[in-house]
Amino acid sequence: MYNHHNKTLIYKTSDLESYFKDPSFQRQRQYEVIRAVVIEHLPIPTVAKNFGYKSSTVYSLLRDVKAGSIELFPELQKGPQERRILKITRDKIITLRKQQLSAKDIYDKLFSEQMNISISTVERVLKDAGFDKLKRRTNREMGKTLKNKIISKRVAHLDFDELKPFNVDCPSIGVFFFLPYILESGILDVLKRCKLPESSDIDSTSACLSMLLLKLIGNKRLSHIGAYDQEPGLGSFAGLNILPKQTYMNTYSCRCSEVQLMQLQKDVISHLQKKFPSFYKSDFINLDFHSIPHYGDEAQMEKIWCGARGKSMKGANTIVAQDSQSNMLIYTKADILRSEESSEIKKFVDYWKSIKGDVNETLVFDCRLTTYSILDELQDDHVKFITLRKRNAALLKDTLLIPKQEWKKIYLNIPKRKHKRISVHEKEVMFRGCKNTFRQITIKDHGRLNPTFVVTNNKDLPLKDVLKVYAKRWRVENKLAEMIAFFNLNALSSPLMIRIHFDILWTMVADTFYHILAQDLRRFENNLSPTIFKKFIDMPGRVIYDGEKFLIKIRKRSHTPILMGVEKLQSPFKVPWLNNKTIEIVWTA
C-alpha cells in the first residue's frame with residue numbers, strides 16, 4: 001500500500017506473510033523461487049506449484065541466474081539532484097525577481113526573449129532560491145491600468161542637467177522636418193503673447209507643440225494621443241519626456257474662451273501674413289459653410305443639413321475662408337447658429353479689416369451663405385463680392401423672354417471644363433428690400449438644365465473674369481475635402497463648440513505648415529497634405545541625444561533626394577524649448 005502524502009510504503013502486519021509467500025513483483029517472485037530451491041532445498045515441482053510457474057520455467061530461471069544473465073537485485077539509476085534548467089535561465093529568473101517582478105511577469109519577460117519555460121517552473125525555481133510569493137499589488141503598483149495597459153511616466157520637461165544620452169525609435173519621424181519652419185514663422189512667440197493655459201508641468205509652448213504634432217501626423221482626434229504617449233522621441237519634439245496624456249489634451253481647450261480663440265486666430269494669421277506675404281496676396285477670397293455631423297443624442301446642438309450624410313441631423317455648423325490663389329485657410333469659426341448664418345460674412349469682414357485695415361479682395365461664396373439684405377450692406381461698406389442668385393419660377397420665366405440677339409457667346413478657357421462655349425446675358429438688377437443695384441450674369445448652354453445666375457457688385461471686373469473666378473470657388477470645397485480626409489475634420493472632438501473650434505483652429509495651423517513645407521519640395525509644390533505626409537513625413541527613424549545635441553537619424557528612401565535638396569534641412573538648427581540644443585538631421589543607408 002502506497003502513502004501519497006509522504007511517498008512511503010505502508011504494510012499491515014496481517015499482510016507480511018502473503019507478501020513473502022505470494023509476491024506481487026516479478027523480481028521478488030524470482031528471488032523467492034531461487035531461495036526455496038537453493039536454501040530450503042524444496043523440490044522443483046513443489047516450488048513451481050507454490051509460485052505459479054511451470055517446472056521448466058524454474059529450471060530455466062536457475063540456469064539464467066547461474067549464467068548471470070538475470071540480475072535479481074539491479075542497481076537503481078538515480079535522477080539528477082537539481083532541476084533540469086539551465087543555469088543562465090535560473091540566474092535570469094532570480095535577477096528579474098529582485099526587480100520585484102511576479103512569476104507571471106517573469107514568464108512573460110522570458111517568453112519575449114524566446115526562453116520557453118512554464119510558469120510552474122519559474123515558481124519552483126523561486127521557491128528553491130528562497131523567495132516568498134510577492135504580496136498582492138494594486139494596478140498602480142504594478143504600473144498597469146484596469147485594461148492591462150502600461151501606465152506611462154508622468155509628463156515633465158526635459159531636464160538637461162540630469163538627462164542622460166538616449167537612442168530611441170520614433171514613428172513618423174518626418175515631423176521634425178517642420179521644426180525649422182515653425183522656428184522661422186515665429187508662431188510660438190505669438191502663442192506666448194496670447195497667454196494660453198498652462199499647468200505646473202507643461203507650459204503653453206509644449207502644450208501647443210504637442211497638439212500641433214498630432215495634427216501634423218493626421219491623428220483623428222487630440223484624445224487619440226494615447227497611441228503615442230509612450231514615445232520619448234515624439235516627446236522631444238515638444239520638449240517633453242513623453243507626450244501629454246489624452247485627458248490633458250482632451251480638456252485643454254475647456255480652459256479657453258471663444259474670444260481668446262478668435263484673438264489667437266487673428267494674431268496667428270496677421271503674423272503669418274507679414275512673414276509669408278506671397279501666400280496671402282490673392283485678389284479673391286473663397287468662403288463656404290461646412291456642417292460636421294454629430295452622432296450623440298444628448299448634445300445641445302441644432303439640426304443642420306449634413307451633406308456628408310445626405311440628411312438633416314445634429315451637428316456643428318462651421319465656416320472657413322480661403323485665399324483663392326494659394327489655397328491657404330485664413331479664417332475658421334465653429335459656433336454658428338442657424339439664425340446667425342446670414343450675418344457670418346459680416347463678422348468675417350470685421351475680422352479681415354482688423355488684420356489688413358480694409359477689405360480690398362473680392363469675396364466669393366454661394367447663394368446659401370447670406371441674404372440679399374446683407375449683400376446690400378456689403379455694397380454700402382464697399383466690400384466686393386461674387387455669388388449666386390437663387391432660382392425661382394419668375395426668374396426662369398423672365399430668362400425665357402430674353403431675345404436671342406441679346407445673348408452673348410463667350411469661351412471660358414478653364415482646364416478640364418467640359419462645356420467651355422457658353423451663352424451669357426448681363427444686366428443691372430435691384431433686389432427686393434435693397435437700395436443698391438448689382439450686376440446679374442445669366443448663363444446657359446453650360447451643361448445644366450436651368451440657367452445659372454451670378455450676382456456681383458464688382459463692376460470693374462470683366463464678365464469673363466467674373467465667371468472664371470466663381471468657377472474656381474470649388475477650391476474651397478476641395479480644401480474641405482482634404483481636411484476631412486487627412487485632418488479628419490468630420491471627427492468631432494466633442495459636442496462642445498469651444499473644443500470644436502479649438503480643433504479646427506489647430507487643423508488650420510497644421511495645414512499652413514504643410515503648405516509652407518511643400519513650397520520647398522521641388523515638383524511637389526502643389527501636392528496636398530496627404531501626399532506630402534505619405535511620401536516625406538510618415539517614415540520611421542531614431543532620435544539620438546548624445547549629451548550635447550540631438551540627431552534625427554533616418555534611412556534613405558525613394559524621395560530622400562528631394563528632402564536633401566531642402567536647404568533648411570541640411571544644416572543643424574537650435575531649438576529654444578530644448579535648452580537651445582542643436583538638432584541635426586542625418587541620412588543613413
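Report follows, based on the coordinates.

Reading guide: rules and limits
Residues numbered from 1 in each chain as written. Predicted model: local features only at pLDDT ≥ 70, side-chain atom pairs only at ≥ 80, totals over all residues. Heavy atoms only, no water. Pairing = 2+ DSSP bridges. Helix = DSSP H or I, 4+ residues; strand = E, 2+ residues; numbered from the N terminus. Axes fitted to C-alpha atoms, helices over the stretch in contact; angles between N-to-C directions. Salt bridge = Lys/Arg side-chain N within 4 Å of Asp/Glu carboxyl O. Buried < 20%, exposed > 50% of the residue type's maximum accessible area, 1.4 Å probe, protein only. Expected span 1.5 Å × (residues − 1). Contact = heavy atoms within 4.5 Å. Phe/Tyr/Trp six-rings, centres within 6.5 Å; stacked < 30°, edge-to-face > 60°. Core = buried A, V, L, I, M, F, W, Y, C linked by side-chain atoms within 4.5 Å.

## Description of the sheet that holds strand 14 (residues 541-545)
Inference 1: The mixed open sheet is built from five strands, whose spatial order is 3-14-15-17-16. A strand with exactly one partner marks an edge of an open sheet, and here the two such strands are strand 3 (166-170) and strand 16 (573-575). Pairwise comparison of adjacent strand axes, ignoring direction, gives a mean angle of 25 degrees for this sheet.
Inference 2: By the bridge criterion, three bridges tie strand 16 to strand 17 (residues 581-588) in an arrangement that is antiparallel. In the sheet register, Phe-573 faces strand 17, and the bridge partner there is Ile-583.

## Topic: the pattern of salt bridges
Inference 1: Taken as a whole and assessed by the stated rule, the structure comprises 25 salt bridges.
Inference 2: Residues Lys-353 and Asp-381 are paired through a salt bridge, measuring 2.7 Å at the closest nitrogen-oxygen approach. Here Lys-353, found in helix 15 (residues 344-356), pairs with Asp-381, found in the loop between helix 16 (372-380) and strand 9 (385-388); they are 28 residues apart in sequence, far enough to count as distant.
Inference 3: Using a relative accessible area of 33% as the deciding quantity, one classes Asp-381 as partly exposed.

## Some words on unusual backbone geometry
Inference 1: The backbone of Gln-114 sits at a positive phi, close to 65 degrees, despite the residue not being glycine.
Inference 2: Structurally, the position occupied by Gln-114 is in the loop between helix 6 (103-112) and helix 7 (119-128).
Inference 3: At Arg-523, a residue that is not glycine, the phi angle is positive and equals roughly 75 degrees.
Inference 4: With respect to the secondary-structure elements, Arg-523 resides in the loop between helix 20 (497-518) and helix 21 (529-537).
Inference 5: Residue Arg-523 is classed as exposed on the basis of its relative accessible area of 70%.

## Structural notes on helix 2 (residues 26-38)
Inference 1: An ideal rise of 1.5 Å per residue puts 18 Å on 13 residues; helix 2 measures up with 18 Å between its terminal C-alpha atoms.
Inference 2: Gln-28, Arg-29, Gln-30, Glu-32, Val-33, Ile-34, Ala-36 and Val-37 are the residues of helix 2 that are buried.
Inference 3: Looking at the buried positions of helix 2, the neighbouring elements they touch are helix 1 (16-21), helix 3 (44-51) and helix 4 (55-67).

## Concerning the pairing of strand 6 (residues 311-323)
Inference 1: In terms of burial, strand 6 is a largely internal element, 10 of the 13 residues being buried.
Inference 2: Two strands pair when backbone bridges link them, and strand 4 (residues 284-293) and strand 6 are joined in this way by nine bridges, in the antiparallel orientation. Its bridge partner lying in strand 6, Asn-286 is registered against Gln-322.
Inference 3: The pairing of strand 5 (residues 303-306) with strand 6 spans four bridges and is classified as antiparallel.

## A few points about the packing of aromatic side chains
Inference 1: Counted under the stated rule, the structure contains 27 aromatic pairs.
Inference 2: Look at Phe-160 and Tyr-545: their rings are 5.9 Å apart centre to centre, the planes differ by 70 degrees, and that puts the pair in the edge-to-face class. With Phe-160 in the loop between helix 8 (139-142) and strand 3 and Tyr-545 in strand 14, this pair connects stretches of sequence that are 385 residues apart. Here Phe-160 matches Tyr-545 in class, with each residue buried.
Inference 3: Cluster of aromatic residues (ring-pair linked, three or more members): Phe-178, Phe-486, Phe-487, Tyr-514 and Phe-533.

## Structural notes on the nonpolar core
Inference 1: Core analysis: the biggest nonpolar cluster contains 128 residues, and Phe-176, Ile-182, Phe-348, Leu-363 and Phe-513 have the highest contact counts within it.
Inference 2: With 15 residues, helix 20 is the single largest residue contributor to this core.
Inference 3: Val-364, Val-454, Leu-463 and Tyr-470 belong to the second-largest nonpolar core, a separate cluster that totals 17 residues.

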